[in-house]
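As a plain string of letters, each chain reads:
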There are 2 protein chains.
Amino acid sequence: MIGGGQLARMMVPPAIHLGLRISVLAEGEGMSAARAADAVGDYRDPDTVYAFAETVDVITFDHEHVPGEILREVERRGTPVHPRPDALQFAQDKILMREKLGELGVPIPDWAAVSDESELQTFIDAHGGRAVVKTARGGYDGKGVRVVSDSGEVRDWFAALDEDGNGGRLLVEELVDFTRELSQLVARRPSGETRTWPVVETIQRDGVCAEVLAPAPVADPATLDEAARIGIVVADGVAVTGVLAVEMFETRDGRVLVNELAMRPHNSGHFSIEGSVTSQFEQHLRAVADLPLGATDMTAPAAVMVNVLGGPEEGPMPVRYARVLAEFPGAKVHSYDKLPRPGRKVGHVTVTGADLDTVRAEAVAAARAFD
Amino acid sequence: MIGGGQLARMMVPPAIHLGLRISVLAEGEGMSAARAADAVGDYRDPDTVYAFAETVDVITFDHEHVPGEILREVERRGTPVHPRPDALQFAQDKILMREKLGELGVPIPDWAAVSDESELQTFIDAHGGRAVVKTARGGYDGKGVRVVSDSGEVRDWFAALDEDGNGGRLLVEELVDFTRELSQLVARRPSGETRTWPVVETIQRDGVCAEVLAPAPVADPATLDEAARIGIVVADGVAVTGVLAVEMFETRDGRVLVNELAMRPHNSGHFSIEGSVTSQFEQHLRAVADLPLGATDMTAPAAVMVNVLGGPEEGPMPVRYARVLAEFPGAKVHSYDKLPRPGRKVGHVTVTGADLDTVRAEAVAAARAFD
């Protein structure tokens, strides 16, 4: 596992139960997955990655930022990499992703790759005077995304574009009139076996995932089918190995449009630790190890996950921990053992049960009790 | 955690989720919990235990074999030990346990502590010509237990008795005419907060736990209440911290008699990893860390756990692993990463669902597929 964040951390429990040995190359000391870290180093340094790769049977990731040329060399030297670099590129570069989704015939917002302010302004003017601009690489949790009405609002990004591998282009997309955001999780083995989880609703605040409702409430069965269909088409189309998260907009006029892809366990799938027979973390490990995939049925009619974000002070998790456990004995509290910073994801809470509204109220209350 | 077996191994996942740091003193290299082992050494060596204790905030166990005098000295030196040695002694010594259960007024089989063959024969003759003889210390999984009709059948045990701390006595008990075996799990915090899980039925083969049915099927509500009552009386009576397993006989005439105690997570509670809102492993950690206990409701109407035992050859888990996962996508397979020996517990399978018979059939088939 390259990357020592909370996704790597949450991969350790299913590795223990499956009897797989997990080894982590962490970015630094004191990372969330530090206890599983057998190596510490920079994933952008080829020799660090090559040396780590020699110690393991297969490489996977808790983020998409390892350069493709390093991963291709790891494969040439004989260590399998999953997802493969040819798949991973579509999660690493949003312009490549949009091109590929277009080829696959998957519904996506109108988009263009633009090289300068003039091209961008033309797109904005043709789409009602506002648009979403994204850097092709490196964005996450709302970073690298701006809603603009004037192309001058991303002048700094154009100035900094030389190194993105896309000929100095930004991605611009129509501002979609969506009613809510959905996420379809899919797992795929190298052999092509796939499994989907029920599509979930994700609720963002300030560009960061705040809540996940599983399954997505009161969804039209046609929407559920379409989300699952898109998930499979994308998973097969890019030949991903492991977990793929397809983030989607549900539009006011009943369509589903693909927003983003992630090729790893994803915040929208944390509910599955308790809420699914096979969690996204276990499934990712099974897929990467080319083991048969597990059942993805819900373990209860409803599961809700709420993120816990760090504040400016010590905690919040250590300080209020015992109080939250006492008040919410049915809530599953997950701590990432991370130093808090304002807005940083430091943990999450999941509640499962028979009724979505009840479950959601409890999960929200438990997470808020950390504030 | 002193002891590096599968119980320590299965404590690691909830420690990760709770954000607790777990450190293991393992008996040797290559133990089941080796990846969490920060130290390797003999738990009977005082200096090894004292040195380990200085590195942690609180000590607990995956077995009951650490000598009480060592643990009392650890407490004197300032590291809390849970369960405390004054509680643990009742799980370490079956004669002390019987005496204590008698004091607590808990129903138990007729018993005696016997010093020689003559005393033993008197007990046998008074109880229908057969009885169960147990060594006071060191038995597990049917070891240290013999059903005898003649006192000469344990002559070797009398000869070896000098060091057991019980004045050279063996425990003898009436042979109970039981219809089945039950196990009541209880967790208790130092503050006295307790939580019980639903009582389960345990099915033994050759003295080793083979299957656990949760909750115990078609049980009389009065029996369930009595099992839970006994569990609480014992937990409070010995002032245990952590998980206590009370193994019981259900008799043909409708009584419940206490057979054995274990003061740690127990094979009869492995179902709770998937089958309970809070697993026995998470609850043990909460109790030992003096954190509020979690809900113990079942996550499904039925959960069945079946042990996987090692055979004479390599495997069985690695060899047949992929086949079992493919055939049983809803079964949760747990591997302990242990070298197989005939009869050794090397893993287990749990299935949860709506109907006990269906769930049991699937769990048994999945576990047998490793044979």
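Residues numbered from 1 in each chain as written. Chains lettered and ligands numbered in written order. Predicted model: local features only at pLDDT ≥ 70, side-chain atom pairs only at ≥ 80, totals over all residues. Heavy atoms only, no water.

## Some points on helix H6 (residues 117-126) of chain B
Residue and element names in this part refer to chain B.
(1) Moving on: The complete set of buried residues in H6 reads Leu 120, Gln 121, Phe 123 and Ile 124. For H6, the arc enclosing every buried residue in end-on projection is 160 degrees, short of the 170-degree limit, so these residues lie on one face. Counted as exposed and oriented over 90 degrees from the buried face of H6: Ser 118, Thr 122, Asp 125 and Ala 126.
(2) Moving on: In the core, the buried residues of H6 are packed alongside strand S3 (111-114), strand S4 (131-134), strand S5 (145-148), helix H7 (155-159) and strand S6 (170-174).
(3) Moving on: Once H6 ends, the next one or two residues include Gly 128, with phi positive near 80 degrees. (Buried < 20%, exposed > 50% of the residue type's maximum accessible area, 1.4 Å probe, protein only. Helix = DSSP H or I, 4+ residues; strand = E, 2+ residues; numbered from the N terminus. Arc of directions from axis to C-beta. Contact = heavy atoms within 4.5 Å.)

## Things to note about the environment of Pro265(A)
Residue and element names in this part refer to chain A.
(1) Moving on: For Pro 265, the location among the structural elements is in the loop between strand S12 (256-262) and helix H9 (272-275).
(2) Moving on: For Pro 265, a relative accessible area of 1% gives the class buried.
(3) Moving on: Spatially, the C-alpha atoms of Pro 265 and Met 11 are 9.0 Å apart, while their sequence positions differ by 254 residues.
(4) Moving on: Filtering out sequence-adjacent residues up to four positions away, Pro 265 remains in contact with Leu 7, Met 11, Val 243, Gln 280, Phe 281 and His 284.

## Side note on the packing of helix H1 (residues 6-18) of chain B against helix H10 (residues 280-288) of chain B
Residues and elements named next belong to chain B.
(1) Moving on: At their nearest, the axes of H1 and H10 sit 8 Å apart, and the two run at 70 degrees to each other. With respect to H10, the axis of H1 lies roughly perpendicular. Residues Leu 7, Met 10, Met 11, Pro 14, Ala 15 and Leu 18 of H1 pack against Phe 281, Glu 282, His 284, Leu 285 and Arg 286 of H10. (Axes fitted to C-alpha atoms, helices over the stretch in contact; angles between N-to-C directions. Parallel < 35°, antiparallel > 145°, perpendicular 65-115°, else oblique.)

## Examining the pairing of strand S7 (residues 178-188) of chain B
All names here are of chain B.
(1) Moving on: Counting buried positions along S7 gives 9 out of 11 residues, so the element sits mostly inside the fold.
(2) Moving on: Bridge analysis of S7 against strand S11 (residues 242-251) gives 10 bridges, and the strand direction is antiparallel. Considered in S11, the bridge of Ser 183 is made with Glu 247.
(3) Moving on: Where S7 lies against strand S8 (residues 194-196), 3 bridges are found, and the strand directions are antiparallel. Among the inter-strand pairings, Arg 188 is bridged to a residue of S8, identified as Thr 194. (Pairing = 2+ DSSP bridges.)

## Notes on the side chain of Ser268(B)
Residue and element names in this part refer to chain B.
(1) Moving on: Structurally, Ser 268 can be placed in the loop between strand S12 (256-262) and helix H9 (272-275).
(2) Moving on: A relative accessible area of 1% places Ser 268 in the buried class.
(3) Moving on: Polar contacts involving the side chain of Ser 268 include one to the side chain of Ser 183, which spans 2.7 Å.
(4) Moving on: Filtering out sequence-adjacent residues up to four positions away, Ser 268 remains in contact with Ser 183, Leu 185, Val 200, Thr 202, Val 212 and Ala 245. (Polar contact = N/O pair within 3.5 Å; in protein donor to acceptor, adjacent residues only side chain to side chain.)

## Observations concerning the relation of the copies chain B and chain A
(1) Moving on: Expressed as a screw transformation, the operator carrying chain B onto chain A has a rotation angle of 180 degrees and an axial translation of 0.0 Å, and the superposed copies differ by an RMSD of 0.0 Å. Expressed as an axis order, the relation between the two copies is that of a two-fold axis. Relative to the rotation axis, the C-alpha of Pro13(B) is the closest in chain B, positioned 2.2 Å from it.
(2) Moving on: A high fraction, 100%, of the interface residues of chain B reappear at the interface in chain A, so the copies pair face to face through one surface. (Least-squares fit on C-alpha atoms with pLDDT ≥ 70 in both.)

## Remarks on helix H2 (residues 46-53) of chain A
Side chains three or four residues apart in an α-helix point the same way, a direct result of the helix having 3.6 residues per turn.
Residues and elements named next belong to chain A.
(1) Moving on: Taken residue by residue, H2 has Val 49, Tyr 50, Phe 52 and Ala 53 as its buried positions. The arc that holds the buried residues of H2, viewed along the axis, is 165 degrees, so those residues lie on one side.
(2) Moving on: Elements in contact with the buried residues of H2: strand S1 (24-26), strand S2 (37-40) and helix H3 (68-76).

## Describing the domain arrangement of chain A
(1) Moving on: Entries for chain A in the domain assignment read domain 1 (6-81), domain 2 (110-174) and domain 3 (178-368).
(2) Moving on: Summarising the inter-unit geometry, the C-alpha centres of domain 2 of chain A and domain 3 of chain A are found 29 Å apart. (Domains from an automatic or database assignment.)

## Re the interface of chain B and chain A
(1) Moving on: With 39 residues of chain B in contact, the opposing surface of chain A contributes 39 residues.
(2) Moving on: For the pair chain B and chain A, the summed buried surface comes to about 3100 Å²; carbon and sulfur atoms form 52% of the total.
(3) Moving on: Per-residue buried area on chain B facing chain A is highest for Ile16(B), His17(B) and Arg35(B); these three make up 22% of the total on that side.
(4) Moving on: Between the two partners, chain B and chain A, sit 6 salt bridges.
(5) Moving on: Between Arg21(A) and Asp337(B) there is a salt bridge, with the nearest N and O atoms lying 3.0 Å from each other.
(6) Moving on: Joining chain B to chain A, the criterion identifies 22 residue pairs in polar contact (both at pLDDT 80 or more).
(7) Moving on: Going through the elements one at a time, H1, H10, helix H11 (317-327) and strand S14 (332-335) of chain B are the ones with two or more residues in the side of chain B that touches chain A.
(8) Moving on: Counting residues per element, the side of chain B that touches chain A draws most heavily on H1(B), which supplies 8 residues.
(9) Moving on: The residue makeup of the side of chain B that touches chain A, split by class, is 21 nonpolar, 9 polar and 9 charged. (Buried area = accessible area lost by both parts, 1.4 Å probe. Salt bridge = Lys/Arg side-chain N within 4 Å of Asp/Glu carboxyl O. Nonpolar A, V, L, I, M, F, W, Y, C, P; charged D, E, K, R; others polar.)

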